[in-house]
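Tertiary structure, described
Single-letter residue listing:
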Protein chains: 2
Amino acid sequence: MQRLADAGQMDEIERVVRAQGRAARQTAAVLALADTARKDRALRAMAASLRENLATILAANRRDEDAASGKDMSGAMRDRLHLDADRIEAMARGLEAIAALPDPIGRTLASWARPNGLKIARVSVPLGVIGIIYESRPNVTADAGGLCLKSGNAALLRGGSESAQSSQAILDCLQAGLRVAGLPEAAIQSLPAGDRRAVGVMLGMAEEIDLIIPRGGRGLIERVMAESRIPVLKHLDGICHTYVDGAADPAMARRIVLNAKMRRTGVCGATETLLLDQKALGFAGAIVADLIAAGCVVRGDTMAQMLDPRIMAASPADWDTEYLDAIISVAVVDGVEGAIAHINCHGSHHTEAIVTEDAAAAARFLAAIDAGIVMHNASTQFADGAEFGMGAEIGISTGKLHARGPVGAEQLTSFKYIVHGNGQVRP
Amino acid sequence: MQRLADAGQMDEIERVVRAQGRAARQTAAVLALADTARKDRALRAMAASLRENLATILAANRRDEDAASGKDMSGAMRDRLHLDADRIEAMARGLEAIAALPDPIGRTLASWARPNGLKIARVSVPLGVIGIIYESRPNVTADAGGLCLKSGNAALLRGGSESAQSSQAILDCLQAGLRVAGLPEAAIQSLPAGDRRAVGVMLGMAEEIDLIIPRGGRGLIERVMAESRIPVLKHLDGICHTYVDGAADPAMARRIVLNAKMRRTGVCGATETLLLDQKALGFAGAIVADLIAAGCVVRGDTMAQMLDPRIMAASPADWDTEYLDAIISVAVVDGVEGAIAHINCHGSHHTEAIVTEDAAAAARFLAAIDAGIVMHNASTQFADGAEFGMGAEIGISTGKLHARGPVGAEQLTSFKYIVHGNGQVRP
C-alpha cells in the first residue's frame, strides 16, 4: 500500500511539474517578443509590490524560521534564510537596477553582406526556459526571476524547502508585477517545494527546459550534473589564488591580500591560497601578520612556515580546499612560472590574481592562467557581476561553454541569424 | 578466459585513450599561447603535405574501399568514403582558407572601465580540448583538425572505422604540418579506430575534454548525448521549411523552392516541408509542377493535393521527417501565423524561410520563428558556414547554448575577463 501511495504521489508531482514546464514553454514564446518597456514596467511593479507587502513577507519568513528552529542548520544557512526590511528593500532595488539595464534582447551582435547580396545579421534572442535550483536563500527568488524576465526567458524556480513560505510570498509579488504589465504569470513559476523528486522530474524535461542553473553547495551541483538531461551552467568551486610577485609594491600587496581573504570569507571570490614568490619573502612576513591579526588561520608549506611561528603546517589537501572561512593556505613558489604551474594544477578556473609592478610578469600571468577572471593588482573579491557593472548576477560560471564568469541578464541569451535576400538561390 | 581477455583489452584501450586525453590537455596550454603566424604556417604546411602525399592518401583510401566492398553500406556512405585528387585538393584549399581567416583568439570582445578605476576586458580564448566523433568521412579529419588548430584547441578525433586508413594518411599530413611550424603533434590526435569502446572512454573524460562535437546521423548523436559526461554541441535534425506567402513574387517563389529542395537533397539545409499560404494557391501549382518535373516526390495534405493529381497523401509522420532525399511534404496554412504555428510545432530549430514581398509578414516570421537561421526571400540551402562567410564549418548547431547555427573557428572559442587595477580593494 505504501508503495502504491508513493507511486500515486509521484504521478501527481510529475504531472504538476510537467504542466508547469509546458506552461513555461508556451510563455517563453510570448516573452521572446515582449518589448523592453513592458518588461521594465513589470520589474518596477515587482519592486513596488515587494515594498507594499513587506509585512506579509516578513511574517512568511518568521514562519520559515520557526519551522527551521529545530533543524540542524549552520549559522550561515540561518543567516541566508533570514529576511528583514533592509534585505527586502535590497531585493526591490535589485529589481529596479535590472529594469535600468539595457535590454539584452534584440541587439544586433554583428551584421555583414555577402558578395551575392545576402544580408546577414546575428541578433540576440532569449534562451527560452531556464530552470534554477537553489538552496534556502529567498532573495534568489527575486534576483533569478528578475534576470530571467529581463532576458526574455521563462523561469522555473526550485528553492530550498526551508525558505518555501518566504519564497512564495516573494513570488506572489513578482507575479503581481507581471500582471500590472500585462505579462503572463507563468513567466515566473515555482516548483512544488518540500519534495526532492520534483527536481528529478525537472532535470529530465529536456523538451521544456533549455538550461539548468544550480546555485548552492557542491552536493547540489554534483547531483544536478549527474542527473540532468539538460545543459547545466555550473559554478563548482572558487579556489581563488593571489600571487604576490617579488616585484610587488609591498604596501599594495598587504592591502590586497588582506581584503581578498578577509573582507568576506564566505564568498566564492575570496582568496583561499596565497602564493608567495621566493623573492617576496623579504616583505611577506607583514602580509601574514596582517592576516593573523585579523583572525585568519594560516597554513603554510615548509618555506612559508619560516615567515612566522604561528603558521601551521599545510597538508596536501589544503591546496585543493575552498575554505569559505577565515583560513588561508600559503605556498612559496619560484616566480610567476611557479605560480602559473601551481594555479593551473590546483585552481578551479574561477578568479586568480597577481600583485606586481612588473608588466611582463603580469602579462605572462594573465595570458597563461586558465580562469574565467584574471586580475592584476586588485582584490579577488571584485569577482562579482555588480562589481563588473553587469547589474545583478545569477552566479559565476566556472565552465567554458556559453557563459564564463559572472552570469547576468546578457549571459542568459542566445542568438539567431537573420538573413535577408531578394530571391537568391544557391549555385 | 574470454572475459579476462576482454577486460585486459579494455584496460589497454582505456589506458591509450586516457593518455591521449592527458597529452591533449597539456598541449592545449601550448596552443592557447601559440601566435597567429605559427598556427597559419602549420595550416599551410598541412595543405602542402596533403598535395605531396596525394598518392599515399589515395592508396590508403583504396585499401579502405576494398575492405568496405563486402559490407552493407549505402551509396551515400560509399560516396562520402571515396577520395580522389579533386577531393584532396579541396581539403588542401580548405586548410589554406582557414589559414587566411582572422585569428579568433586574443580578440578584445568588449572593454570598459569602472568608477573605481578597474579596467575590464573580455578577451577570446580557446575552449581547450575538443573531441570530434564522426562517421566515415575522411575529409572531416582535415576540416576538424584545421578548425581546432586555428582556434587554439587541441583536437581528439574519432572517425568511422571504414575510413581508418584514409584518415590516418590525412592525419600524418596534418602532423607533418604541425612539425614544420614547431607545434606539438599532440595538437591533433586520432583515437584508436575500430573499437567502439574507445568512444565510451572518451565520453567520460570530463577532466581532459571540454567539448564533444558529434558529426553524423541521429543514432550517433543520440548515443553521444545519452553517454557523454562532457558538454555536447549537437546538430540533431534539419527539418527545414520554406513558407510561400500570398504576397510572394510567384517567379521568385518557384526559383527558391526548387533550389531549396532539389539543389542537393542530402544536406541539412535542404527544405523538407513546403508551407503554402491559402492565398498562394493561385500560383502554387507551378511550384509543385517544377518539383515533380525535377524528379521530386510530393506528399500533401488534403488542400495541397487539390493542386496537382500527382501529389500523394501525406501521413502525420511526414511533418516530422527529415527526408534527405527527393521527397517533399506540402501543407496549406492560414497566412504567416499558420506558418509560424506549424514550424514551431514541427521544425528542428535549424533553418526556416519565408518568401514574400510583404515586409510586415516577413518581420513577423523572422521574429517569431525559433530557429538558428531565419531567411527572407532566399534558399534554405544557404545554411552553411562557407556561404555565411565564416570559412569552413564543423557543423550546424541546433542547440541554443554557446553556439547556434554554423560552427566555425570563431564558435570554438570561450573568453576570459582580464582585470587591471592599481591596488583596488573592495569596500
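Before reading on, note that the structure itself is shown above.
The following refers to the structure shown. (Residues numbered from 1 in each chain as written. Chains lettered and ligands numbered in written order. Predicted model: local features only at pLDDT ≥ 70, side-chain atom pairs only at ≥ 80, totals over all residues. Heavy atoms only, no water.)

Attention now moves to the overall build of chain A. Of the regular secondary structure elements, chain A holds 14 helices and 16 strands. Relative to the compact-globule value of 22 Å for 427 residues, chain A shows a C-alpha radius of gyration of 24 Å, a close match. Referenced to the eigenvectors of the C-alpha coordinate spread, the extents of chain A come out at roughly 70 × 65 × 45 Å. Within the span of chain A, comprising 427 residues, buried residues form 56% of the whole. Of all intrachain contacts in chain A linking residues separated by at least 6 positions in sequence, the fraction that spans at least 24 positions is 72%. Accessible surface computed for chain A: about 16400 Å², of which carbon and sulfur atoms make up 53%. The positive charge centre, built from 45 side chains, and the negative charge centre, built from 50, are 7 Å apart in chain A. (Helix = DSSP H or I, 4+ residues; strand = E, 2+ residues; numbered from the N terminus. Rg over C-alpha atoms; globule rule 2.2 N^0.38 Å. Buried < 20%, exposed > 50% of the residue type's maximum accessible area, 1.4 Å probe, protein only. Contact = heavy atoms within 4.5 Å. Areas by Shrake-Rupley, 256 points an atom, 1.4 Å probe, with all protein chains shown as cover. Lys, Arg positive; Asp, Glu negative; His and termini not counted. Charge placed at Lys NZ, Arg CZ, Asp CG, Glu CD.)

Expressed as a screw transformation, the operator carrying chain B onto chain A has a rotation angle of 180 degrees and an axial translation of 0.0 Å, and the superposed copies differ by an RMSD of 0.0 Å. Expressed as a symmetry operation, the mapping of one chain copy onto the other fits a two-fold axis. Judged by C-alpha distance, His402 of chain B is the residue of chain B that lies nearest the rotation axis, at 1.9 Å. Comparing interface residues between copies, 100% of those in chain B also sit at the interface in chain A, which points to an isologous, same-surface contact. (Least-squares fit on C-alpha atoms with pLDDT ≥ 70 in both.)

All names here are of chain B. Judged by how many residues are buried, strand S4 (residues 154-158) sits mostly within the fold: five of five residues are covered. Judged by which residues are buried, S4 turns out to be covered on both faces: Ala154, Leu156 and Arg158 on one side and Ala155 and Leu157 on the other are all buried. As judged from the five bridges shared by strand S3 (residues 129-134) and S4, these two strands associate in the parallel manner. Opposite Ile133, over in S4, you have Arg158 as the bridge partner. Handedness of the β-α-β unit built from S3, helix H6 (residues 138-150) and S4 comes out right-handed. (Pairing = 2+ DSSP bridges. Right-handed = clockwise from strand over helix to strand, strands pointing away.)

Here we come to the side chain of Thr242 of chain A. As for its placement among the helices and strands, Thr242 of chain A is situated in strand S7 (residues 240-244). A polar side-chain atom of Thr242 of chain A sits 2.8 Å from a polar atom in the side chain of Thr271 of chain A. (Polar contact = N/O pair within 3.5 Å; in protein donor to acceptor, adjacent residues only side chain to side chain.)

The subject of this paragraph is the interface of chain B and chain A. With 67 residues of chain B at the contact, the number on the chain A side is 67 residues. Of the roughly 5500 Å² buried where chain B meets chain A, counting both sides, 52% is carbon and sulfur surface. The three residues of chain B that bury the most area against chain A are Leu401, Tyr417 and Arg426 of chain B, which together make up 15% of that side's buried surface. Along the contact surface separating chain B from chain A lie four salt bridges. (Buried area = accessible area lost by both parts, 1.4 Å probe. Salt bridge = Lys/Arg side-chain N within 4 Å of Asp/Glu carboxyl O.)

Attention now moves to the state of the cysteines. By definition, a disulfide is the covalent link that joins the sulfur atoms of two cysteine residues. Residue and element names in this part refer to chain A. Counted under the stated rule, the structure contains zero disulfides over all chains. A disulfide-free cysteine, Cys173 has its sulfur positioned 18 Å from the sulfur of Cys148, the nearest such atom. Considering cysteine sulfurs only, Cys240 is the nearest to Cys268, which forms no disulfide, with 6.7 Å between them. (Disulfide = S-S within 2.5 Å.)

What follows deals with the sheet that holds strand S11 (residues 327-333) of chain A. In spatial order, the strands read S10(A)-S9(A)-S11(A)-S8(A)-S7(A)-S12(A)-S13(A)-S16(B)-S2(B)-S1(B); together these ten strands make up an open sheet with mixed pairing. Each end of this open sheet is capped by a strand with a single partner; those strands are strand S10 (312-313) of chain A together with strand S1 (108-113) of chain B. Each of S7, strand S8 (271-277), S11 and strand S12 (351-355) of chain A is contacted by helix H13 (residues 335-346) of chain A, which is oriented at about 175 degrees to S7 of chain A, the strand it contacts most. (Axes fitted to C-alpha atoms, helices over the stretch in contact; angles between N-to-C directions.)

Let's shift gears to the environment of Ile170 of chain A. Residues and elements named next belong to chain A. With respect to the helices and strands, Ile170 occurs in helix H7 (residues 164-180). Note: C-alpha distance between Ile170 and Ala409 (239 residues apart in sequence) is 20 Å. The contact partners of Ile170, leaving out residues within four places of it in the chain, are Leu50, Ile57, Leu83, Met91, Pro138, Thr141 and Ala142.

Residue and element names in this part refer to chain A. Located in the positive-phi region is His402, a residue other than glycine, with phi close to 65 degrees. If you trace the backbone, His402 turns up in the loop between strand S14 (396-397) and strand S15 (405-406). Residue His402 is classed as buried on the basis of its relative accessible area of 16%.

Attention now goes to the packing of helix H3 (residues 54-68) of chain B against helix H7 (residues 164-180) of chain B. All names here are of chain B. It is the contact of H3 with H7, at a shortest axis distance of 7 Å, that shows an interaxial angle of 160 degrees. Classified by the interaxial angle, the pair formed by H3 and H7 is roughly antiparallel. The way H3 lies across H7 gives a crossing that is right-handed. Residue-level inspection shows Ile57, Ala60, Asn61, Arg63 and Asp64 of H3 in contact with H7, the latter providing Ala164, Gln165, Ser166, Ala169, Ile170 and Cys173. Residues that form the contact of H3 with H7 fall into these classes: six nonpolar, three polar and two charged. (Parallel < 35°, antiparallel > 145°, perpendicular 65-115°, else oblique. Left-handed = near helix turned anticlockwise from the far one by under 90°. Nonpolar A, V, L, I, M, F, W, Y, C, P; charged D, E, K, R; others polar.)

Further remarks concern the packing of aromatic side chains. Taken as a whole and assessed by the stated rule, the structure comprises eight aromatic pairs over all chains. For the ring pair Tyr417 of chain A and Phe388 of chain B, a centre distance of 5.3 Å and an interplane angle of 85 degrees mean the geometry is edge-to-face. In this pair, Tyr417 of chain A sits in strand S16 (residues 413-424) while Phe388 of chain B sits in the loop between strand S13 (373-378) and strand S14 (396-397), so the two residues belong to two different chains. What makes Phe388 of chain B buried here is its relative accessible area of 2%. Pairing Tyr243 of chain B with Phe365 of chain B gives two aromatic rings, centres 6.2 Å apart and planes at 15 degrees, and the pair type is stacked. Residue Tyr243 of chain B is located in strand S7 (residues 240-244), and its partner Phe365 of chain B is located in helix H14 (residues 359-368); the two are separated by 122 residues in the primary sequence. Judged by its relative accessible area of 0%, Tyr243 of chain B falls in the buried class. Judged by its relative accessible area of 0%, Phe365 of chain B falls in the buried class. An aromatic cluster of at least three residues, connected via ring pairs, comprises Trp112, Phe415 and Tyr417 of chain A together with Phe388 of chain B. (Phe/Tyr/Trp six-rings, centres within 6.5 Å; stacked < 30°, edge-to-face > 60°.)

To continue, consider the sheet that holds strand S3 (residues 129-134) of chain A. All names here are of chain A. Sheet architecture is open: four strands sit in the order S5-S4-S3-S6, paired in parallel fashion. One side of each edge strand has no neighbouring strand; the edge strands of this open sheet are strand S5 (188-190) and strand S6 (211-215). With direction set aside, neighbouring strand axes in the sheet form an average angle of 20 degrees. Packed on one face of the sheet, helix H6 (residues 138-150) meets S3, strand S4 (154-158), S5 and S6 and runs near 165 degrees to S3.

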